[in-house]
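# Reading the structure
Below, each chain spelled out in residue letters.
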Amino acid sequence: MKCTYACQTAEHLVARRRFLGLAGASAMAGAGVLASPLGAFVRPAAAAELQSKQKRILMVYLAGGLSQLESWDPKPGTDTGGPFRAIPTSVPGIHISELLPQTARQMHRLTIVRGVNINENDHGRGSYIMHTGRVPDPSNEYPHLGSVAARCLSVENDPLPGYIHITPGGGGGLSSSDAAFLGPRYASVTLGGGQPPQNTVRPDAVTEAADLSRQAMRRRVNDHFARRRRTAETEAYTQTYDQAAELMKRRELFDVTKEPATDAERYGSHDFGRHCLLARRLLENGVTFVKVSHSNYDTHNENFDFHLEQLGEFDQAFSTLVADLADRGLWDSTLLVVNSEFGRTPGINQYCGRDHWGTAWSVVLGGTGVKLGGAYGATNHNGTEVKDRQVNGAQLFHTYLQAVGLDSTETFDVSGRPLPMADPAFGPIKELLA
Amino acid sequence: MSEPAATEAAAAPAVPPAPTEPAASVENTAPVENTAPAENTAAAEPAAPPPPPTADPAQTYIAADLVEGNSPLLSCKFDPSGRFVFAGAQDNSIRRWQLDGAKHTALTGAHDSWVRSLAFDATGELLISGGYDGRLVWWAATDEQPTPLRIVDRAHDGWIRAITTSPDGKTLATVGNDNLVKLWSTLDGRLLQVLAGHTGRVYTVAFHPSTGTLFSGDIKGFVKRWDLATAKETAQFDATPLWKYDGGQFVDFGGVRSLTVSGDGALVAAGGTTDASNPLGAVHKPIVIVFDANTGEKQQTHRAKEGFDGSIWGLRFHPAGFLLAASGGGGGGKLLFFHTAEPNEFFKFDLPALARDMDLHPNLLDVAVPMHDAHLRIARMAAKPA
């Protein structure tokens, strides 16, 4: 498997070797999970209570590594500041980059965490940390935030996937590795290019009657098999069929063209605009976890030109989505997380680029469960290090879970083995929680 | 900003003096009076001066290495008399070096972003700077300590990418991220004309030396020709090999990074980058496309013989009949010398760091190149003195 990231640095090659190690370990761990009932809360009653509250999470993932200096933590007039200026926001005293003028008007609905240090400059490992709250460990693979949310926040027997990932470009399908020991039922369903899930239209050559007959036969055979060999995998297989059938009935849910044209215009006539509008549609219709990815911020070359281009798209669509979710009453039940695998170096390289930098960068939160309208933590005058209230990926992961009402110190029962939901060596950032 | 660097010898010329050639055929430059140090001409009965050397690219060497502070440099310009060289910096200042004394002066306090482009008015006394703050600033270029004389804030919505003055020095053309070309009076800073039509950010601009037309190049690789009398677009030249939309990285990349018109007005050259296999990782090749200025027909596509990575950030037609290009990128910094008849360079000069811009001295021998390592280097196209 070749790393698809742009820069092809030595760090990526290291990541691939580590990935292969992880993949092997994961296969072994998966075998254990699959031989037993699905992983579950040790205290199922608590899970049922949480599910009834219908909390949701929106993650906006800026792939490749957004520059904090061109976005949430500008340092104009310093040796690292770059050419862009800082602008005031709707929160007095909080300034962000001039590349985000519309987002600046939504700042009272957001909070910037400016002291993130994950001590990691590799794409794959940084992404893993920011999705799972864990440092990669060959002996265990942990589920993504989206899979945990799908498992713990979704309504039981919800026909909709609990974790939907809208990506630029093509592709699609299930990313089963996201769910790790939780099992494929909680894996992300990818909507490549914002298109509906693949193969959700009955082929013209198959009549409705033939399809019903075929499904009935499949159920009979499946039930017969399951009576003696029921496993997490067969259960997920059955559930996937049922879910697919429901998805086919509700396919319009994924059709963003059903949204008003005026809304599409407000979000912007580009893929990220359409994807943010689709995210709104999915959240409004009860999907638990929606991740929208925007590419590509891996700007080793001409960082400022590329951020100008990418953040131009981001600013319009993102700010519109925040405003819409608030206006539609979803802000009190939806946690927003804006992150990347890391930030970018304060130093500007000879190509006017910035390189990988996990040492002092920013994540943005919004919506339910967190204090809004400010900045938590700080970097020094030119952004080379965290000077106040440093946090890591594990603390952020705990905080996300606590913000949506989950007890992040809970454990999953995997084949009788308790596995902590979040890294037990750390806890939430209490000052951030509402 | 401090005064001249201690490492510069105040008594020694920054650039060894070079006899000059007529400069009439070089666009946007006034005739050169004299660049030789006064002490060399003060003798009672001067001997007959030696004949001026002609440019010889194959002999190019670094004649001066000017540095003050540690901010990378982005742009440069000789003043029309050839006494000074100016450089725009990433610390929002402009550096001025007096070539016959190595004296450095900082021009500060007017820009609050990087200074991307420099130009001179008709008198040669007023320097105009354009920055990523969207601001135009007029300076008394030759004052002991230049201060801003006029500031046009928000001259463009967003970055100013390039500025240049007309052959008579009375009109300033500016281009920027707002997709516009604007014309201004250099005398009073009045906006004269707005030329709309580009569909992407406009990176470069160049006047025709005689026909009252203007060329501008954008990110998408289009060069537009404008008739200034009617303010209408009269042609569009296709330089799209300089542009790429990378569907894997989801980015636009490239564009016309440099643009120049030959002294006789027959040719227009557009420089930039091509074959961008990894735009985010600086993997791309330098390229220059030469057009017939009247018909828009491609006359030549220049590429580097060795295929190194880079982009062409500065271009000038030299009256001696070659095209001079400054490249910066993954392959380092280079000066490339092309004949229009041949696709590859006939000579390449390696620079110590990446080039960001380039200007030709009125003596037609010295080439100033601002670099990322904070140095402004002056390469001389002549034999190095023994």
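Here, the structure is the one placed above.
Residues numbered from 1 in each chain as written. Chains lettered and ligands numbered in written order. Predicted model: local features only at pLDDT ≥ 70, side-chain atom pairs only at ≥ 80, totals over all residues. Heavy atoms only, no water.

## Considering the overall build of chain B
What counts is decided by this rule: Counting from the N terminus, the helices are DSSP H or I runs at least four residues long and the strands are E runs at least two residues long. Throughout this description, buried means an accessible area under 20% of the type-specific maximum (1.4 Å probe, protein chains only), exposed means over 50%, and partly exposed covers the range between. Note on definitions: a residue-residue contact is assigned when non-hydrogen atoms from the two residues lie within 4.5 Å. Every accessible area reported is derived by Shrake-Rupley at a probe size of 1.4 Å, with residue values counting cover from the shown protein chains alone.
Counting its secondary structure elements, chain B contains zero helices and 30 strands. Every one of the 386 residues in chain B was classed for burial, and the buried ones make up 61%. A separation threshold of at least 6 residues defines the contact pool for chain B, and within that pool the share at least 24 residues apart is 52%. A total of about 13900 Å² of accessible surface is found on chain B, and carbon and sulfur atoms cover 51% of it.

## Examining the sheet that holds strand 8 (residues 136-140) of chain B
Residues and elements named next belong to chain B. To be explicit about the condition: The pairing criterion for strands is at least two bridges between them, as found by DSSP. For helices, the fitted axis covers only the stretch in contact; all axes are lines through C-alpha atoms, and the angles between them, taken along N-to-C directions, range from 0 to 180 degrees.
With respect to topology, four strands assemble into an open sheet ordered 6-7-8-9, the strand pairing being antiparallel. Either end of the sheet is taken by a strand with one partner, and the two such strands are strand 6 (115-120) and strand 9 (148-152). The mean angle between the axes of side-by-side strands here comes to 20°, regardless of whether they run parallel or antiparallel. Direction of pairing for strand 6 relative to strand 7 (residues 126-131): antiparallel, over a ladder of five bridges. Across the sheet, the residue bridging to L118 is S129, located in strand 7.

## A few points about the pattern of salt bridges
A side chain with one charge may pair with a side chain of the opposite charge, provided their charged atoms come close. Applied cut-off: Salt bridges are identified by distance alone: a Lys or Arg side-chain nitrogen within 4 Å of an Asp or Glu carboxyl oxygen.
Per the counting criterion, the structure on display carries 42 salt bridges over all chains. With a shortest N-O distance of 3.1 Å, B:D91 and B:R95 are connected by a salt bridge. In this structure B:D91 comes out as partly exposed when scored by relative accessible area, which is 32%. The class of B:R95 is buried, set by a relative accessible area of 1%. What emerges from the salt-bridge pattern is a single network uniting A:E259, A:D263, A:R266, A:R280, A:R281, A:E284, A:D324 and A:R328.

## Details of the interface of chain A and chain B
How we decide: The definition of a polar contact used here is a pair of N or O atoms within 3.5 Å, where within protein one atom must be able to donate a hydrogen and the other to accept one, and adjacent residues in sequence count solely through side-chain atom pairs. Ten residues, namely Ala, Val, Leu, Ile, Met, Phe, Trp, Tyr, Cys and Pro, are considered nonpolar, four, namely Asp, Glu, Lys and Arg, are considered charged, and the remaining ones, Gly among them, are considered polar.
Taken together, the 26 residues of chain A in the interface contact 30 residues of chain B. Our count for the chain A to chain B interface comes out at three salt bridges. Between the two partners, chain A and chain B, sit 12 residue pairs in polar contact (both at pLDDT 80 or more). Across the side of chain A that touches chain B, the residue classes break down as 11 nonpolar, 10 polar and five charged.

## Some remarks on the sheet that holds strand 12 (residues 180-185) of chain B
Each strand in a sheet pairs with another by means of backbone hydrogen bonds, the pair being arranged parallel or else antiparallel. All names here are of chain B. Spatially, the four strands line up as an open sheet ordered 10-11-12-13, and their pairing is antiparallel. Here the strands that pair on one side only, and so sit at the sheet edges, are strand 10 (160-165) and strand 13 (191-196). The mean angle between the axes of side-by-side strands here comes to 20°, regardless of whether they run parallel or antiparallel. Note: strand 11 (residues 171-176) against strand 12, five bridges, orientation antiparallel. Considered in strand 12, the bridge of L172 is made with W184.

## Things to note about the layout of surface pockets
Residues and elements named next belong to chain A. Rule in force here: The method works on a 1 Å grid over the protein atoms by themselves. A cavity is a set of points holding a 1.4 Å probe that cannot get out, a pocket is an open set with protein on both sides within 12 Å along at least five of seven lines, and residues with an atom within 4 Å of a point line them. Grid points are joined across faces, edges and corners, and a volume is the space filled by probe spheres set on the points.
Its boundaries defined by the atoms lining it, the second largest pocket holds a volume of some 970 Å³. Lining of the second largest pocket is provided by 35 residues; of these, N199, Y241, A244, A245 and M248 occupy positions nearest its centre. When contributions to the lining of the second largest pocket are tallied by element, the ones reaching two or more residues are strand 7 (172-175), strand 8 (188-192), helix 6 (208-229) and helix 7 (232-249). With 11 residues, helix 7 is the largest single contributor of residues to the lining of the second largest pocket. Grouping the constituent residues of the lining of the second largest pocket by class yields 15 nonpolar, 10 polar and 10 charged.

## Describing the nonpolar core
All names here are of chain A. Short version of the rule: In this description, a nonpolar core means a group of buried Ala, Val, Leu, Ile, Met, Phe, Trp, Tyr and Cys residues linked to one another through side-chain atoms lying within 4.5 Å.
Counting 58 residues, the largest nonpolar core has L58, W72, L282 and F314 as the members making the most contacts within it. Those elements that place two or more of their residues in this core are strand 2 (56-62), strand 5 (110-116), strand 6 (163-167), strand 8, helix 9 (271-284), strand 9 (289-294), helix 10 (303-327) and strand 10 (334-339). At 10 residues, the largest contribution of residues to this core is made by helix 10. Y128, A150, A187 and V391 belong to the second-largest nonpolar core, a separate cluster that totals 48 residues.

## Examining the environment of A:T238
If you trace the backbone, A:T238 turns up in helix 7. Put simply, A:T238 and A:R219 are 19 residues apart on the chain and 8.4 Å apart in space, counted from C-alpha to C-alpha.

## Digging into empty space enclosed by the protein
Applying the stated criterion across every chain, the model contains three cavities of 30 Å³ or more. In this model, the largest cavity occupies a volume close to 820 Å³. Lining the largest cavity are 47 residues, and of these B:R116, B:R257, B:W313, B:R356 and B:D357 lie nearest its centre. At the level of elements, helix 10 of chain A together with strand 2 (73-78), strand 6, strand 10, strand 14 (202-207), strand 20 (256-261), strand 24 (311-317) and strand 25 (323-329) of chain B are the ones that each hand at least two residues to the lining of the largest cavity. Tallied by class, the residues present in the lining of the largest cavity amount to 22 nonpolar, 14 polar and 11 charged. One number sums up the size of the second largest cavity: a volume of about 150 Å³. Looking at the second largest cavity, it is lined by 15 residues, and the ones nearest its centre are A:A150, A:S154, A:V155, A:R185 and A:Y186. Among the secondary structure elements, those contributing two or more residues to the lining of the second largest cavity are helix 5 (145-153) and helix 7 of chain A. The class makeup of the residues in the lining of the second largest cavity is five nonpolar, six polar and four charged.

## Remarks on the packing of helix 4 (residues 123-132) of chain A against helix 11 (residues 393-403) of chain A
Residue and element names in this part refer to chain A. Worth spelling out the cut-off: Just so you know how the angles are binned, under 35 degrees is roughly parallel, over 145 roughly antiparallel, 65 to 115 roughly perpendicular, and the rest oblique.
Viewed as axis vectors pointing N to C, helix 4 and helix 11 meet at an angle of 30°, and their least axial separation amounts to 7 Å. With respect to their mutual orientation, helix 4 and helix 11 come out roughly parallel. Side by side, helix 4 and helix 11 meet where I129, M130, H131 and T132 of the first sit next to G393, L396, F397 and Y400 of the second. Its residues assigned to classes, the contact of helix 4 with helix 11 comprises five nonpolar, three polar and no charged.

## Here's the deal with the state of the cysteines
As a reminder of what qualifies: By convention in this document, the label disulfide applies to cysteine sulfur atom pairs within 2.5 Å.
Applying the stated criterion across every chain yields a total of zero disulfides over all chains. Unpaired in terms of disulfides, A:C352 finds its nearest cysteine sulfur in B:C76, a separation of 15 Å. A:C352 gets classed as buried once you look at its relative accessible area, which sits at 14%.

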